[in-house]
Structure formats: structure tokens, C-alpha cells
Amino acid sequence: MFTAEHPETFEEAQSRLTLFYSRVAAYAAIVLVLAGVGLDQAFYPDEAVKFGIARVLVSVLIGLFMLSFRTDFGSKRLKSLTYIWVLFPQIMIAWMIYYTDGESSVYFVGLALAISAIGVFLPLTYFPVACFIIFTVGAYITACVMRSGGVENWSQLLGQSLFLVFYGIVAIIVSIYGDRWRKHSHQLGVKVYRQAQDLAQSNKALVAMQGELLQREKMAAVGTLAAGLLHELGNPVNYSLMAVSLAAQKRPEKLPLDVDENLADAKEGLLRIQSIINDLKTFAYEKRGDAALQRFALQKVVGSALRLTGHELKGIQVEVDIPIDTEVQGDESAITSVFINLLSNAASAVHKAGREAPSISIRQETRAKRVHIFVRDNGVGISPALRARVFDPFFTTRDLGVGLGLGLSVSHGIVSRHGGTMTVDSEEGGWTEFRFDLPVPNELVYPVDVPVVT
């Protein structure tokens, strides 16, 4: 049967069909065999009692075989037992022909009906059907030849034997095309099952995407509000910074000496706030089209990302090996988001690993007019099975509700838009390293009209 886990194989489907139709055919055979008592009484009343006993015996045997299908023994030998019980009516009819008129016996019709039924009702392949036909024709000829009076009309025997063969040919053709139809039907069923599974996965992804889009709308509204707040915060910070600077310059000599240190600390704090505000402005005001293409220092972007993820990087040693003169060209805001995502993921992996010396390193190499960036951590690593899926949308190893699994997917898309590639290498339980490349100034291939879709 098709289940939520996997579809059934063709062999399983055949076994299920054989069990069902074997039971149906067995019921039909029992009914027809017992109903033949009326034929015995009509055509051969002298043999009616003997034939009636034979009919009951055959019906009981078929019933016992049918009951065996419910046992482990019978279920494991379903086909073999079916091949056996379908011979019982033929043996009985051949025996009746032997005791009556041979080739002139009316029971010949019963053999023809059995051949028709075996090809139409049972889901058998052509080989067992052919064997059944050969057995039936052989039993008929043997019954006619071995009877006490022998064969009285050889032409009739030959004609009726050919008639049985013709019936058999039809049964074989039906079995061949029936088997092909069952295989085709099963293939269609498997295809529909897989399409239904894909559709279910797509629906699940769409539901998740709908929630993400709603969240993006909320974040866009918050971003608009934040942009205004950043502007409002910038002014008082600038005033305060100016006041502190002036106070440091015009400090009266009678004030304690530690006032200089306090003023310096206040100035440093205000400068840090000002730097964070500038970073948030760069990240919040996303540019589009040609306005997004600009030349900027890579170290500046990394510094902004480090400050914006500072709360996640607490307790982690971060080493940055990027020369101050390294410049790239592209969307500064988008590249900042790539670093933020990589640093956030690295921090999560490092905290989860519980290292004595947690660390993250960022370095770069310039090759073939491309700047290659390497972000490496000594966290829990990524298993080979999951490594191939890290860039898939909605794939995440974090706890439910912590992330939607879009960060790396979006980052991969951003790097691709800059004409680069993003890859990952890892050792499970040891480390993880993400690598991507960006163009040096004036070497960018950037499809600005393509939206960020991964």
C-alpha cells in the first residue's frame, strides 16, 4: 500500500492483487462447483451422488486453501498455493469426463470456462497461465483416451482440444496485456504519489515563505522607524561628543586629574555609539541598481559586521587578517549582511561546541582579479549529509523558532549576484569554513535587474 513513508513496490502490489483476486476466484469457484449439482442431476442422474460428493470435497479443499492465506505459511506462499487450488476444479471435471461420455461429455464446457476465468480474473503472468492451459488440455485428452470405452470420435476430440487451445491463447494474450497494464498503472501510481509528496513539500515551503514575507513586511516597517530613530539619535550623540571634546580642551586646572580619564571614557563611548549608528545606517539604507555599485574597503565592512554581532561574539576570539588597503566593488549593505550571517552562524556553532579556546578567523586572498574571503570557526562542524543542503532555502540546524534557514540561502544569492561562488568545507566535530569571492573594483559582473531570489 502507498503510505506516508514510501510507495509500495510492484511486487508488493502484485502480491496484494493476487490475494484479493484469488479470494474472489475461490469464492466463485466454490459457488460454481456446488451449483453444478444441477447439471449432474439433469445430464447424468445415475452419477449425481458420486459427483456431488466430489464437488463437496473439491469445495472444501478450495476453502482450506483460502483459509491458509490468513496464516504466515499461506501469506508467504500465496502464488504457489493459488497455482495449486485452481487445478482442483479441472481435475474434478476431467474425472467426470472420464466417467461419462468422454469427448462428447457436456462437462467439456466447464474446462473452457475455467481457462477463460484464469486469464481474466487472476493477475497472473503468461507463463503460469500457459502451464495451466497445457495441464487442462492434457487432462481432457487423458480423460477421453483412458476411459473404458476409449475415444469414439477422434475428430470431435481434436476439434474440442483445439477449441480449448484457442481459449488458452486468448487467456495468454489477456494475461500479457493485463500484466503490462498493471505495471503501467503502478508506475503512474508511484508518479502521482511522488508528485503529491513534492506538492506537500512545496505547500509547506510556501507556508513558511508566507510567514517569512509577513515577517519581512514587519521588519521593513521597523526599518523605516529605525531609520528615523537613527537620524534622531545621531544629532544628540554628535552634540554630546562635541561637548565632551570642548570640556576636555577647556578643563579647569583645579578639577581632579581623573576627570581627564572620565572625559576620555565618555568620548570613547560616544564614538562607539556614533560608529554603531553609522553601521546601522549603512545596513538599513539598502541601495538599488547602479547606486548599489560602489568601491569600499573590505576591512570596513568586516568591522561593521563585527560590531553588529558583538553580543553574539562575546567570549570568542576573532582574528581578522585583511589588509587595510583591500578594496572590493559591489553592494556594501548586502555584503555586510553576508558577513553578519556568517559570523552569527559561526558564533552559534562555536558556543554549541563549548571549546576552551573558541575562535573565528577571517582572512582573504587576491587571485585573478577576485578577492577570496575565508570565514572559519572551530565549532561543531557540519556532517557530510547536511553539507550539501546548507544553502537550501528553509534548511536550518538551529532549534525550532530560532531561525527560518534563509540566511545562507540569501547570502549565496548575494554572492552569485556579484559574479562569485560560495562554498563550505567542514570536519564534523572540528571546524567549518565558508569561502566566497568578490570582484576587485571595475571588474564586477552584476545583473542589477535580477532580484535576490534563491
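Please refer to the structure higher up on the page.
Since we're looking at a predicted model, the values are computed, not measured.

### Describing the pairing of strand 4 (residues 359-367)
Every regular strand shows the same layout, with side chains that alternate between the two sheet faces.
Inference 1: Sheet topology note: the strand 2 (residues 317-321)/strand 4 ladder contains five bridges and is parallel. Across the sheet, Val320 pairs through a bridge with Ile362, a residue of strand 4.
Inference 2: Two elements, strand 4 and strand 5 (residues 370-377), share eight bridges in a ladder whose sense is antiparallel. Bridge pairing in strand 5 links Gln364 to Ile373.

### Quick word on the side chain of Thr432
Inference 1: Within the element layout of this structure, Thr432 appears in strand 7 (residues 431-439).
Inference 2: Only 3.0 Å separates the side chain of Thr432 from the side chain of Ser426, close enough to count as a polar contact.
Inference 3: Thr432 has contacts with Val375, Arg376, Asp377, Gly381, Ile382, Val424, Asp425 and Ser426, leaving out every residue within four places of it along the chain.

### Description of the pairing of strand 6 (residues 422-427)
Inference 1: Alternating residues of strand 6 divide into Met422, Val424 and Ser426, all buried, and Thr423, Asp425 and Glu427, none buried.
Inference 2: Across six bridges, strand 6 lies against strand 7 in antiparallel orientation. What sits directly across from Val424, in strand 7, is Phe434.
Inference 3: Hairpin geometry of strand 6 and strand 7 is characterised by an intervening segment of three residues between the two adjacent antiparallel strands and by a positive phi of about 85° at Gly429.

### Notes on the packing of helix 6 (residues 87-99) against helix 7 (residues 108-120)
Inference 1: Relative to each other, helix 6 and helix 7 sit at 160°, their axes nearing to 9 Å. One element, helix 6, and the other, helix 7, form an angle in the roughly antiparallel class. Considering the relative orientation of helix 6 and helix 7, their crossing is left-handed. In this structure, helix 6 contributes Gln90, Ile93 and Ile97 to the contact, and helix 7 contributes Phe108, Gly110, Leu111, Ala114 and Ile115.

### Some thoughts on unusual backbone geometry
Inference 1: Even without being a glycine, Ala368 presents a positive backbone phi close to 50°.
Inference 2: With respect to the element layout, Ala368 can be found in the loop between strand 4 and strand 5.
Inference 3: In this structure, Lys369 takes a positive phi of about 60° despite not being glycine.
Inference 4: The residue Lys369 is located in the loop between strand 4 and strand 5 in this model.
Inference 5: Residue classification places Lys369 among the exposed positions, given a relative accessible area of 53%.

### Considering helix 12 (residues 332-353)
Note: α-helices contain 3.6 residues per turn, so residues at a spacing of three or four share the same orientation.
Inference 1: For helix 12, built from 22 residues, the straight-helix expectation of 32 Å at 1.5 Å per residue is met to within 8% by its first-to-last C-alpha distance of 32 Å.
Inference 2: Of all 22 residues that make up helix 12, 16 are buried, and the element is covered over most of its length.
Inference 3: Once helix 12 ends, the next one or two residues include Gly354, with phi positive near 65°.

### Examining a nonpolar patch on the surface
Inference 1: On the surface, a nonpolar cluster with roughly 600 Å² of combined accessible area is contributed by Leu34, Val56, Leu57, Val60, Leu61, Leu64 and Leu67.
Inference 2: No other element matches helix 3 (residues 48-68), which puts six residues into the nonpolar patch.
Inference 3: With respect to the helices, strands and loops of the structure, Leu67 is situated in helix 3.

Conventions adopted
Here the residue numbering is sequential within each chain, running from 1 through the sequence in written order. Residue-level local features of this predicted model are given only where pLDDT is at least 70; pairs of side-chain atoms are given and counted only at 80 or more, and the full residue set underlies all totals for whole chains, interfaces and linings. To obtain the side-chain values, all non-hydrogen atoms of the structure were included, while hydrogens and water were left out. A pair of strands counts as paired when DSSP detects no fewer than two bridges linking them. Strands are runs of DSSP state E lasting at least two residues, helices are runs of H or I lasting at least four, and both sets are numbered from the N terminus onward. In the analysis that follows, any N or O atom pair within 3.5 Å is treated as a polar contact, provided that within protein one partner can donate a hydrogen and the other can accept it, and provided that, for residues neighboring in sequence, both atoms belong to side chains. By the convention used here, residues are in contact when the closest approach between their heavy atoms is within 4.5 Å. When accessible area is computed with a 1.4 Å probe and restricted to protein chains, residues below 20% of their type maximum are described as buried, those above 50% as exposed, and intermediate ones as partly exposed. An axis is simply a line fitted to the C-alpha atoms; with a helix, the fit covers only the stretch in contact. Between two such axes, the angle follows the N-to-C directions and lies from 0 to 180 degrees. The labels follow the angle: roughly parallel below 35 degrees, roughly antiparallel above 145, roughly perpendicular from 65 to 115, and oblique for the rest. Handedness of each helix crossing follows the sense of rotation of the near helix against the far helix: counterclockwise by less than a right angle gives left-handed, clockwise gives right-handed. Helices are assigned an expected span. That span is 1.5 Å times one less than the residue count. Exposure above 30% relative accessible area and the lack of any salt bridge qualify a residue for a patch; like charges then connect within 9 Å, and the nonpolar side chains Val, Leu, Ile, Met, Phe, Trp and Tyr within 5 Å. For the area figures, the Shrake-Rupley method with a 1.4 Å probe applies, and any residue is considered shielded solely by the protein chains shown. In the sections that follow, a salt bridge refers to a side-chain nitrogen of Lys or Arg positioned within 4 Å of a carboxyl oxygen of Asp or Glu.

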